[in-house]
Amino acid sequence: MPLDLDDTTWHPIASSDDLPFRHVYQGQLLGRELAVWRADDGNVNVWENRCLHRGVRLSIGINEGAELKCQYHGWRYANRSAGCTYIPAHPADAPARRITNRTYPAHEAFGLVWSAAADAQPFAPFAGSDGADWVALRPVPLNAAPQDVALALEKYRFQPAEALDGEAARTMIERLSPLSVRLTAQSGEVIERAVFFVQPVDAGRAVIRGLIEGSPTRPLPVLRHHNERLTQLRDRLERAARRKPAPEPLQPAFAPVSAELSTMPDIAVPRGNTLRVVVKRKWDSADGIVAFELAALDGGHLPTFQPGAHIDLHLPNGLVRQYSITNGPGDLLSYTIGVKRESASKGGSQILIESVREGDVLAISEPRNNFPLRRDATRTVLIAGGVGITPILSMARFLDKSHLPYELHYFVRQGEHAAFREELGQLAGNITIHAGLPRGDSSRTIAEALGHWSRAQHVYICGPASMLETVRTTAAAQGWPDEAVHFEYFKNDKVIDQSSAFEVELARSAMTLQIPAGKTILEVMREAGLQTPSSCEQGACGTCLTGVIEGEVDHQDVYLNDTEKRSNRAILTCVSRAKGKRLVLDI
């Protein structure tokens, strides 16, 4: 029976012992090379063995516990999804990536790791495996056709573990599949079963992987017994194979690595797509902050995200609100968010906290990131206030896993207002919670935490607007350039002036629009039939960011930093306007 490149049969491709802590194993199946690695949460990943950037083998990469890092240019891929989480050449860029390596199904059982060329059928244990303990034998690689190896295994003979000194045990043969056989050896009253699987590496290469039933009282002599006899079988098969014409190697089809991935991929998440999630857990994380764990309905993993990312949460009353993801790298079985109980809520946090219960089903967007974390800094300072800890916690978790230097300063009014204390306590970085500091002391503490800037240092701030302004002002006074100060406002507290009227030319759309007083550029573009993305629509998230070709912008957002505003190259169309009579936009 010829080998099928699209065979959906599950084959063993590694032993559990091949996956020690933080190791990457090179597996092979039907002409394909596989990168096989176990994450710190126990999940076994089986991926195509190449980085999507330049095709370098991931099996020589670094297993960081929740991400696999390519050794060549440092691209990182997330546990479970194989989604790209970081591109060092563009460390400050974090679109919600659609760059995903090819994955293969994986299952660990009987001391072996199993996979298949296609994820067409669930893993099913071999017949007769239930209710028994199995010990994996040493794998035996050999240069022979897998079909020939499977036939030769029918003639393999061995002694039961409790009768190793006996001779010529009677053997019963049962073919389980074209590439697996069960042998039952009986010596006197002693009976032992063994199952042998042929891992089809290629047309002319295979690996024998065997299991023996039970737990031998003397395991080393038993393992040695099988190793010697399987080695003899291998030698006979390889001698016979050398007398035959070499078979043509299997030629699996590989999708070519995109040329665009050699530079900066411009890949965006489609707007409007939603995922259905179930509220798996709801609890009080702090006084006034409620945490929600949201899991996929089918129990699978959720999309890849980067630290600082957020989701749009569609509420039962029709409102849509943005909440930051607190998870660490590769933690994709659920997203955890924190929601502040707002006394002046307009229906967002209030309905989420008071009406949504565990077991309820909600809709969320795929993650987006307007607050990306660089992972090339020599020093990273994380500053959070109140519920602003949510994106900062995710950043700390990523830095922690990568053993990168950072310090986290968390400012709260009182100790009981500090959210996610347990999660913060699990981090190895320098974590300080500042509770109940007077305003003057807070300013001094912020100044001390920042220090004077030096090259490759970055600070990330999220919290109340007043705190963000204090940190930004202090950082500027201590020599921190705008490009080293990263911030995220939850909302825009500025009073928006919509009194001006002006003209907007849309260069790529060949349209000219009149923007009257009382209406935003975004609103008028939509009225003209343009599909323009947006989210918060208050100048805080950056979703509607648009390039400026000509004209002076009246910036009223809290998304762009001062340098970006002075450059006059971009505008947030949901709140900002023209200072003059005309703007030309790159849209």
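This structure is a prediction, so every number in the text was calculated from the model and none was measured.

Reading guide: rules and limits
Residues numbered from 1 in each chain as written. Predicted model: local features only at pLDDT ≥ 70, side-chain atom pairs only at ≥ 80, totals over all residues. Heavy atoms only, no water. Helix = DSSP H or I, 4+ residues; strand = E, 2+ residues; numbered from the N terminus. Buried < 20%, exposed > 50% of the residue type's maximum accessible area, 1.4 Å probe, protein only. Contact = heavy atoms within 4.5 Å. Patch = residues over 30% accessible without salt bridge, like charges linked within 9 Å, V, L, I, M, F, W, Y side chains within 5 Å. Areas by Shrake-Rupley, 256 points an atom, 1.4 Å probe, with all protein chains shown as cover. Salt bridge = Lys/Arg side-chain N within 4 Å of Asp/Glu carboxyl O. Lys, Arg positive; Asp, Glu negative; His and termini not counted. Charge placed at Lys NZ, Arg CZ, Asp CG, Glu CD. Expected span 1.5 Å × (residues − 1).

**What to know about the overall build of the protein**
Thought 1: Counting secondary structure elements, the protein contains 9 helices and 35 strands.
Thought 2: Based on the C-alpha atoms only, the size of the protein along its principal axes is roughly 100 × 55 × 50 Å.
Thought 3: Looking at the protein as a whole, 51% of its 587 residues qualify as buried.
Thought 4: Excluding contacts between residues fewer than 6 apart, the proportion of contacts in the protein whose partners are at least 24 apart in sequence is 65%.

**Comments concerning a positive patch on the surface**
Thought 1: Taken together, the side chains of R236, R239, R242 and R243 make up a positively charged region of the molecular surface.
Thought 2: The exposure class of R242 is exposed, given its relative accessible area of 62%.

**Some remarks on unusual backbone geometry**
Thought 1: With a phi angle near 80°, R80 is a residue other than glycine that sits in the positive phi range.
Thought 2: Its place among the elements puts R80 in the loop between strand 7 (76–78) and strand 8 (84–86).
Thought 3: A residue is classified by how much of its surface remains accessible, and R80, at 21% relative accessible area, is partly exposed.
Thought 4: With phi around 60°, N568 is a residue other than glycine that occupies positive phi space.
Thought 5: Residue position: N568 is located in the loop between helix 9 (562–567) and strand 33 (570–572).

**Focus on the pattern of salt bridges**
Thought 1: Evaluation of the coordinates by the stated rule reveals 30 salt bridges.
Thought 2: The salt bridge involving E67 is made with R76; its shortest N-O contact spans 3.7 Å.
Thought 3: Looking at E67, the relative accessible area reads 2%, which means it is buried.
Thought 4: For the salt bridge of K280 with E293, the shortest nitrogen-to-oxygen distance reads 4.0 Å. One end of the pair, K280, is in strand 18 (residues 274–286); the other, E293, is in strand 19 (residues 289–296), with 13 residues separating them in the sequence.
Thought 5: Given the relative accessible area of 52%, K280 is considered exposed.
Thought 6: Assessed through its relative accessible area of 15%, E293 is described here as buried.

**Some words on helix 2 (residues 219–242)**
Thought 1: The terminal C-alpha atoms of helix 2, which comprises 24 residues, lie 34 Å apart, in line with the 34 Å expected from a rise of 1.5 Å per residue.
Thought 2: Within the sequence span of helix 2, burial applies to V222, H225, H226, L230, T231, L233, L237 and E238.
Thought 3: For helix 2, the elements touching its buried residues are strand 13 (140–142), helix 1 (146–153), strand 16 (190–202) and strand 17 (205–213).

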